[in-house]
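# Structural features, examined
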Amino acid sequence: MNAAYALALAFILVLGAGPWFIPKLHALKFGQSIREEGPQSHQVKSGTPTMGGMMIILGLTVATLVFSPWTKEVMLALFVILGHFLLGFLDDYIKVVRKHNEGLKPRQKLLGQIIIAGLVAVFGGLPTDLWVPFVGNIDFGFFFYAFMMFVMVGITNAVNLTDGLDGLASGTVAVASFFYMLVCAAMGKGELAVMLAATVGACLGFLKFNYHPAKIFMGDTGSLALGGVMAAAGILTHTELLLALIGFIFVCETLSVIIQVASFKSTGKRVFLMSPIHHHFELKGWSELKVVWVFWTVGLVMGILGLMVYMFGN
């Protein structure tokens, strides 16, 4: 029941914060700058308030602290989430307040992510085993920490890349968090299930304002923090491999960028009309709403598949 209460509280907090928060961001002129090389249809979104991730993290954090036991795993999860929230906030602050459109340099952002992952690896006291579907837990020793850091950096960047259309990141994270909540419940990790339920509620509340046409964007403040949720869910349950299924959309977004860059640098040709892949479908003529709904649906199907793999492969 605590998971249901956490979901409801996070939803209500974000829903209640929106009518106060959005006008404040308008007044402060915290508007999003739209990059010129993006789809031209997105230029009308210029000036839409950003940094709405603060609303999500408010709901998620408060609901988790109220309804989840303050165990070591919950504190580690919140450290990962809030660490990435602060990194994203700094990036958005530089872009929006200081008017430097690029924000943090990529290497600065990557360094911040590596530091957060490294602190978890050094001080988290995590067991070094990894769950492999249909095989069981395998102890990878020291190599587990390198893999864990790779996963954390990879998935937080992947969710960040997904945040490119109205409601896309908030909806896909809500779906992925719901299925990871079920995995945690099946594992007996109720405290993490509560945190993930709070994430679902916060994302659904945010969708009220972020669904097309969006009244507010989450910015890196939200997308990096939500990537932290996904990273914490996979790492603290030792089901990092399951992220490839439950977080399938995020993986596809990242792979599309990697493929595009590799192809252009090696052959001078682009595989996609534009990357990340959600922009490819836009330029193919799909409406923004169609792209979002198709991606949500794919995320739902892959979430079901991921849950089935866990239930039958355990």
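Residues numbered from 1 in each chain as written. Predicted model: local features only at pLDDT ≥ 70, side-chain atom pairs only at ≥ 80, totals over all residues. Heavy atoms only, no water.

Along strand 1 (residues 129-132), one buried face is formed by Asp129 and Trp131 and the opposite face, lined by Leu130 and Val132, is buried too. The pairing of strand 1 with strand 2 (residues 136-139) spans 4 bridges and is antiparallel. Directly across from Asp129, in strand 2, lies its bridge partner Asp139. The hairpin formed by strand 1 and strand 2 contains 3 residues between the paired strands, and Phe134 there has a positive phi angle of roughly 65 degrees. (Buried < 20%, exposed > 50% of the residue type's maximum accessible area, 1.4 Å probe, protein only. Helix = DSSP H or I, 4+ residues; strand = E, 2+ residues; numbered from the N terminus. Pairing = 2+ DSSP bridges.)

This next bit is on the pattern of salt bridges. Where charged atoms from two side chains of opposite charge approach closely, those side chains can pair. Summed over the entire model, instances satisfying the criterion amount to 6 salt bridges. Of the charged contacts in the structure, one is a salt bridge between Asp91 and Lys95, with a shortest N-O distance of 3.4 Å. Here Lys95 and Asp91 lie together in helix 3 (residues 72-97), a separation of 4 residues that amounts to about one turn. The same class applies to Asp91 as to Lys95, namely buried. Note that Asp220 is salt-bridged to Lys95, the shortest N-O span being 3.7 Å. With Asp220 in helix 8 (residues 219-236) and Lys95 in helix 3, the pair connects residues that are 125 residues apart, well separated along the chain. Among the ionic contacts, a cluster of salt bridges with common partners joins Asp91, Asp92, Lys95, Lys109 and Asp220. (Salt bridge = Lys/Arg side-chain N within 4 Å of Asp/Glu carboxyl O.)

Turning our attention to helix 1 (residues 2-27). A rise of 1.5 Å per residue sets the reference length of helix 1, with its 26 residues, at 38 Å; its end C-alpha atoms lie 37 Å apart and thus fit the reference within 8%. At Gly18, helix 1 shows its largest kink, close to 45 degrees, and the proline Pro19 lies no more than four residues downstream. Where helix 1 is concerned, the buried positions are Ala6, Ala10, Val14, Ala17, Gly18, Phe21, Ile22 and Leu25. Buried residues along helix 1 sit against helix 2 (53-67) and helix 7 (190-210). (Expected span 1.5 Å × (residues − 1). Bend = angle between axes of the 7 residues up to and from the residue. Contact = heavy atoms within 4.5 Å.)

Looking now at the side chain of Thr239. Inspection of the secondary structure puts Thr239 in the loop between helix 8 and helix 9 (243-246). Taking relative accessible area as the criterion, Thr239 reaches 1% and is therefore assigned buried. In this structure the side chain of Thr239 is engaged in a polar contact, spanning 2.6 Å, whose partner is the side chain of Thr237. Not counting the four nearest positions on each side in its chain, Thr239 is found in contact with Trp131, Tyr180, Ala233 and Gly234. (Polar contact = N/O pair within 3.5 Å; in protein donor to acceptor, adjacent residues only side chain to side chain.)

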